[in-house]
Amino acid sequence: MLRITGGKIYDPANGIDGHVRDICINDRGKIVDSVDGGRTINASGMIIFPGGVDVHTHVAGGAMNFARAMTPEDHRRTQAFIRTQSRRSGLGGMAPTTFATGYLYAGMGFTTVNEAAVPVLSARHTHEELADIPIVDKATLTLMANNEIMLDQMEAGEYERAKNVVAWYIWAAKSYGVKAVNPGGVAAWKWGSDAKQMTDSIDGYNSLTPGKIVTMLATICDDLGLPHPMHLHCNNLGAPGNISTTLDTLKHLEGHRAHIAHSQYHAYGGDDWDTMCSATAQLAEYFNTHPNITTDAGAVLFGDTVTITADGPWQHLLYKLTGRKWGNLDVENETGCGIVPYTYRPSNLVNAVQWASGLELMLLIKNPWQVFLSTDHPNGGCFWRYPEIIQLLMCADFRNECIAKLPDKIKGRITLPEIDREYTLYEVATSMSAGPARALGLTQKGNLGVGCDADIVIYEEEDDVARMFSHPRYVIKAGEVVIEDGEIRETPEGREFLVKPSYAPETDEFMRPRFEDCYTMSFENYPVEIERIENPNMQECINANED
Amino acid sequence: MTINLHLKQAPSVPLEAEVLSPNVMAELSNSEIRALVVYHGKRQVPLEEFFDVDGERSYELIIHGELNKVRLIGRAMSRGTVTVHGSVGMHLGALMTGGRIEVHGDASDWIGAEMKNGFIHVHGNAGGQIGAAYRGALAGMKNGTIIVDGSAGLEVGMRMRRGTIILGGPAKDFTGLQMKGGTIILQSGAEIRTGAWMNRGTIISMKPLQMMPTFAYASDFNPTFTNVYAKQLKPHGIDLPFAGSDGTYQRFAGDLSVPGKGEILVWQPA
C-alpha cells in the first residue's frame, strides 16, 4: 500500500492539469480512492505523471540481436551495468542488452513498451528476450504486410481467408497486433526490386498493389477488433519527395483506424538528396483533419546509432549511401530485415532536415493525442535520449539555439524556425503516456484514474527539462517503488499483453499444407505456446464494427 | 618522485588494471593508490592485493614484474610516463591520447589500439593488432608512434588512420589490413597478405615481401618524405635508408580489389 501526497498531477486521461491531489495505491498495484496504512511519499513541489508508454520501439528479437552482434565497438565505450544484489549485468548504448533495456526505460520513467516488429519465425526468441527485460510491461506486433501466405489470399480476393490467416498468425506469435512494413515492397525485395508507390506492381504477384494490401489489412485489423489498429510503416521510407506516397497511403486508409509509425521518415519533399526538404506541414495538415489516424514522431537526434528495420530494400540503399556495415536477413516467406549502423550529423543537410522534421511534426500536429514521442528506437536515436526531445519541444529558445548550429543551406528547407509553439507539461504527459496508451488500446495504462495500473513517475520540478525527465525522483511500477533517488530498488517482472482474435477453426488445416510447402520449420513447432510467455495478460478484442 | 609498483604474485586469471595509469594516480596518496579497484576476473579487488606500492602523487609510474596477465596498463592516459620492467598483457596503452610508455620486455596483443596520440616503445616482441581498430570500429590509431624492437603478430595497424608503427622484427600475416592512412615500417619484412584491403597509407619494408596479386608495380623511386622520416627516427636508433646512392624503393599501388590508393614501398639496396 502506498500513498503519494502533495504532488502536482498531470493526468491527461482524466483532464487533470497540474492539480495537487493525493494518489492511493492498493496491494494489487491498482490506483484506489483511499488506503489505510502503508508507506507515504511526500511529493510536495514535485510533478506526477503516469508512467511513460513507448508506442514504437525495437528492444528484442532476431533483428535486435543481429544489431548487437554487428556493433561490438559500441559495447566498449558505452554505459556498463555491473551486477549487484538486485541487478543483472548488461550494457547500454545503441542496442542495449535485455536487462539494461529494462533498467534504462524504467530509469527514465517509462513503464510500458511496444516492440513494434516481430516476425512469427522469431517470435519465440523475442518472447524469451522480453521475459528478460525487467520492470516494464510489453506488447509485440506481428509483421504481416509481406507474408506470402496472406498475400496469396489477398491476390485471390479471398478476404475472409486472409482475415483468418492474419488472426491465426497473431495468435501463433502470441502478439498484440499487426505491423505492416513497406507493404508489398519487402516481398518484391526478394526478387531484387521494391514497391515504392501505392499503384506499383509487386514482383511475384499479378494484380496485387501496395494500396490494396494497405486497405485490406486495415480492414482486417478493424474487423478483428484489435485493440491497436494497423501499425503502418509506409512505403518509400526515407526517400526525398516521399510525402506524395505517404499522403496516397493515408487516402487508402480513409474510414479506418490506423497508426502511422515514425512519420518523420515519410514527410520529405524535393526530388533528390540535393533538393530534399521537409514536407511536414502537408502531413500535419492531414492529421489535423483526420482524427482517426495516430502517429509517432520517429524523431532523429544527432549522434551514433544503428538502424534496424524490416524494410530490407531501404536498408540496402542506406548501406550504399554510407558504405559502412550492412546486415540483411531473409525471414523465409514472412518478411525481411536490414541492419545498418549510422551517424546522424548536424553538418549533413539530409540529417539536419530529418532532425527538424521530427520536431516539426510534433509541433505542427495540434492534438497531442495524435502524435507521440518516439525515435523509432534505435533508428532515429536511442530511447534513453527522449528527454533531449522533450527539452526541444518545451523550450523554443533552446530549439532556436540548436537550429542556429545547422548549416546555412538549411534555410527554406524546414519550417521549424517559424514555429514558436512550446509543449506544456500536460501536453508532454499526453504525448509520452496517455496518448500512446490510448492508441494501443491499453485503458489501464497512461491513466491515473481509480482502477488503473499504478504506473507512476514523480519528477522533482526544475528548470533544466532534459535533466528533470532523465532523472525521475521516483518511479512506481504496479504500486512498487522501482526507482528512488536515482537508484534501482526493485526489479519486478513485467507482463506481456496478448490478444486472441477469433478465426475459423479450419484455418489450422488450411495453413498446414501451405506451411509444409514453404517453411523450413515443421508446422507443430511453429506457433509459440502460451506457456512460453512468462506473465501473459490477455486483452479483449473490441467489436469496432458492431458500434 | 616516482610511483614504483612491484607485482607480488602473478594473477591466476587476467587482471584488468586500467588504473595503472598516470592520469589515475597523479593526485592520489599512497594509501589511495593501494585501494584502487582492479578486476581479477569478475572479482573486484584492491590494487594492493597484487602490487606493492612505493611513492605517491606522481606522473611517473615504474612497474616491475611478469605482467603477462595484467591488461589495460596505461589505457586512455593523456600524459606522464609508464615504464615496465618485465612483460605486459593485452591492450597496453589502448585509447591513449598522450604520454610515453616504455616496456623492457615483451608485450601482448592490441597495444596502442585506437590510440589518439602518444608514444609506445616495446623493447622485446609484441603480439598482434598493434595500433589496430577494435572489432567493429571504423578506425584504429589516429596519431602517435609505436616502436617494437622485436617481432609482431597478426593484423598490425589494422584500419589505422594516421600515426606511425615501426617493427624491428618480422610481422605475421595481414600487416596493414584495411589501412586508411599512416605509416608502417617493417625492418624485417612480414609474412603474407601485407596491405590487404588497404585504402590509403604507406607500408615501407626493408626486406622483400610476397606481394598480393591485387597490388600493381608502379615505379622505382626515392620519395623525399623518407629522408624526413629518417631524421625523425634517428633519435630512436632506427636507420631508414633514403639516399639514391644506397638503393631505391620499389613502389606497389593497391589494394586494387577495394579499390585503394595505398602504397607499399620495398627497399632494394644498390
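Residues numbered from 1 in each chain as written. Chains lettered and ligands numbered in written order. Predicted model: local features only at pLDDT ≥ 70, side-chain atom pairs only at ≥ 80, totals over all residues.

**As for the overall build of chain B**
Counting its regular elements, chain B contains 3 helices and 17 strands. For 270 residues, the compact-globule formula gives about 18 Å, and the C-alpha radius of gyration of chain B, at 19 Å, lands near that figure. Burial analysis of chain B (270 residues in total) assigns 48% to the buried set. In chain B, once contacts between residues fewer than 6 apart in sequence are set aside, the share between residues at least 24 apart is 41%. (Helix = DSSP H or I, 4+ residues; strand = E, 2+ residues; numbered from the N terminus. Rg over C-alpha atoms; globule rule 2.2 N^0.38 Å. Buried ≥ 20, exposed ≤ 12 C-beta atoms within 10 Å, placed from the backbone. Contact = placed C-beta atoms within 7 Å.)

**Quick word on the overall build of chain A**
The helix and strand tally for chain A stands at 17 helices and 28 strands. Here chain A has a C-alpha radius of gyration of 22 Å; the compact-globule value for 547 residues is 24 Å, and the two agree. With respect to the three principal axes, the spread of C-alpha positions in chain A is 65 × 60 × 50 Å. The proportion of buried residues among the 547 residues of chain A is 56%. Counting only contacts in chain A whose residues sit at least 6 apart along the sequence, the fraction spanning at least 24 positions is 76%.

**Regarding the interface of chain A and chain B**
Where the parts come together, the accessible area they lose is often given as the size of the interface. Contact residues are listed per partner, giving 4 residues for chain A and 4 residues for chain B. In the side of chain A that touches chain B, the residues fall into 1 nonpolar, 1 polar and 2 charged. (Nonpolar A, V, L, I, M, F, W, Y, C, P; charged D, E, K, R; others polar.)

**A word on the sheet that holds strand S4 (residues 23–25) of chain A**
Residue and element names in this part refer to chain A. On the basis of which strands lie adjacent, the open sheet formed by 4 strands has the order S5-S4-S1-S6 and mixed pairing. Among the strands making up the open sheet, the edge pair consists of strand S5 (31–32) and strand S6 (39–42). Where S4 meets S5, 2 bridges bridge the pair, whose relative direction is antiparallel. Bridge pairing in S5 places Ile-25 opposite Ile-31. (Pairing = 2+ DSSP bridges.)

**Describing the confidence of the model for chain B**
For chain B, per-residue confidence averages 95 on the pLDDT scale, and 100% of positions sit at 70 or higher. Across the predicted assembly, pTM comes out at 0.90 and ipTM at 0.78. (pLDDT = per-residue confidence, 0-100.)

**Things to note about the pairing of strand S3 (residues 16–20) of chain A**
Residues and elements named next belong to chain A. Pairing of strand S2 (residues 8–11) with S3 involves 4 bridges; the strand directions are antiparallel. Across the sheet, Asp-11 pairs through a bridge with Ile-16, a residue of S3. What sits between the antiparallel neighbours S2 and S3 is a turn of 4 residues, in which Gly-15 has the positive phi angle 70°.

**Side note on the packing of helix H10 (residues 280–289) of chain A against helix H12 (residues 349–364) of chain A**
Residue and element names in this part refer to chain A. Between H10 and H12, the shortest axis-to-axis distance is 9 Å and the interhelical angle comes to 30°. Here H10 lies roughly parallel to H12, going by the angle between them. Handedness of the crossing formed by H10 with H12: right-handed. Residues Thr-280, Ala-281, Leu-283 and Ala-284 of H10 touch H12, and the partners they reach there are Ser-357, Glu-360, Leu-361 and Leu-364. Its residues assigned to classes, the contact of H10 with H12 shows 5 nonpolar, 2 polar and 1 charged. (Axes fitted to C-alpha atoms, helices over the stretch in contact; angles between N-to-C directions. Parallel < 35°, antiparallel > 145°, perpendicular 65-115°, else oblique. Left-handed = near helix turned anticlockwise from the far one by under 90°.)

**Points about unusual backbone geometry**
Backbone geometry follows two general trends: most residues other than glycine have a negative phi, and most peptide bonds adopt the trans configuration. Cis rather than trans, the peptide bond between His-377 of chain A and Pro-378 of chain A has omega equal to -5°. Going from Val-258 of chain B to Pro-259 of chain B, the amide bond is cis rather than trans, its omega being -5°. Secondary-structure assignment places Pro-259 of chain B in the loop between strand S16 (247–254) and strand S17 (262–269). Not every positive phi belongs to a glycine, and Arg-193 of chain B is a case in point at roughly 60°. Following the sequence through the fold, Arg-193 of chain B ends up in the loop between strand S13 (183–186) and strand S14 (202–205).

**Observations regarding the packing of helix H6 (residues 159–173) of chain A against helix H8 (residues 210–224) of chain A**
All names here are of chain A. Look at H6 against H8: their axes get within 10 Å of each other, and the N-to-C directions meet at 65°. If you check the angle between H6 and H8, you find them roughly perpendicular. Crossing angle aside, the handedness with which H6 passes H8 is right-handed. In this structure, H6 contributes Tyr-159, Ala-162, Lys-163, Val-166 and Ala-167 to the contact, and H8 contributes Met-216, Ile-220, Asp-223 and Leu-224. In terms of residue class, the contact of H6 with H8 is built from 7 nonpolar, no polar and 2 charged.

**Quick notes on the pairing of strand S14 (residues 230–233) of chain A**
Residues and elements named next belong to chain A. Going residue by residue along S14, you find Met-230 and Leu-232 tucked away on one face and His-231 and His-233 tucked away on the opposite face as well. Bridge count between strand S13 (residues 177–181) and S14: 3 bridges; the pairing is parallel. When the sheet's bridge partners are listed, Val-181 is paired in S14 with His-233. Relative to strand S15 (residues 258–260), S14 runs parallel, the two sharing 3 bridges. Residue pairing for S15: Leu-232 is matched across the bridge by Ile-260. Note that the unit made of S14, helix H9 (residues 243–251) and S15 has a crossover that is right-handed. (Right-handed = clockwise from strand over helix to strand, strands pointing away.)

**Thoughts on helix H4 (residues 123–131) of chain A**
Each α-helix turn comprises 3.6 residues. Residues three or four places apart therefore point the same way. Residue and element names in this part refer to chain A. Taken as a whole, H4 has its buried residues at Ala-123, Thr-126, His-127, Glu-129 and Leu-130. Projected down its long axis, H4 carries its buried residues within an arc of 160°, all on one side. Those residues of H4 hidden inside the fold are in contact with helix H3 (98–107), strand S11 (110–118), strand S12 (137–143), H6 and strand S27 (496–499). (Arc of directions from axis to C-beta.)

**Points about the sheet that holds strand S7 (residues 70–71) of chain B**
All names here are of chain B. Read from one edge of the open sheet, 4 strands run S4-S3-S2-S7, paired in mixed fashion. Sheet topology places strand S4 (43–46) and S7 at the edges, where each strand pairs with a single neighbour. As paired elements, strand S2 (residues 15–16) and S7 share 2 bridges and run parallel to each other. Among the inter-strand pairings, Glu-16 is bridged to a residue of S7, identified as Arg-71.

**Let's talk about the environment of Thr-140 of chain A**
Residue and element names in this part refer to chain A. When you line up the elements, Thr-140 lands in strand S12. In this structure Thr-140 comes out as buried when scored by C-beta crowding, with 27 C-beta atoms within 10 Å. Sequence separation between Thr-140 and Thr-209 is 69 residues; the distance between their C-alpha atoms is 26 Å. If sequence neighbours within four positions are ignored, Thr-140 has contacts with Glu-115, Val-118, Thr-126, Ser-175 and Tyr-176.

**Re the environment of Ile-62 of chain B**
Residue and element names in this part refer to chain B. Here Ile-62 lies in strand S6 (residues 60–64). Sequence separation between Ile-62 and Val-84 is 22 residues, and the spatial gap between their C-alpha atoms is 5.8 Å. Residues contacting Ile-62, with those up to four places away along its chain left out, are Thr-2, Asn-4 and Thr-83.

**Looking at H8 of chain A**
Residue and element names in this part refer to chain A. End to end, H8 covers 21 Å across 15 residues, agreeing with the expected 21 Å (1.5 Å per residue, within 8%). A large share of H8 lies buried, amounting to 12 of its 15 residues. Those residues of H8 lying buried are Pro-210, Gly-211, Lys-212, Ile-213, Val-214, Thr-215, Met-216, Leu-217, Ala-218, Ile-220, Cys-221 and Leu-224. One or two positions beyond H8, positive phi appears at Gly-225, with a value near 70°. (Expected span 1.5 Å × (residues − 1).)

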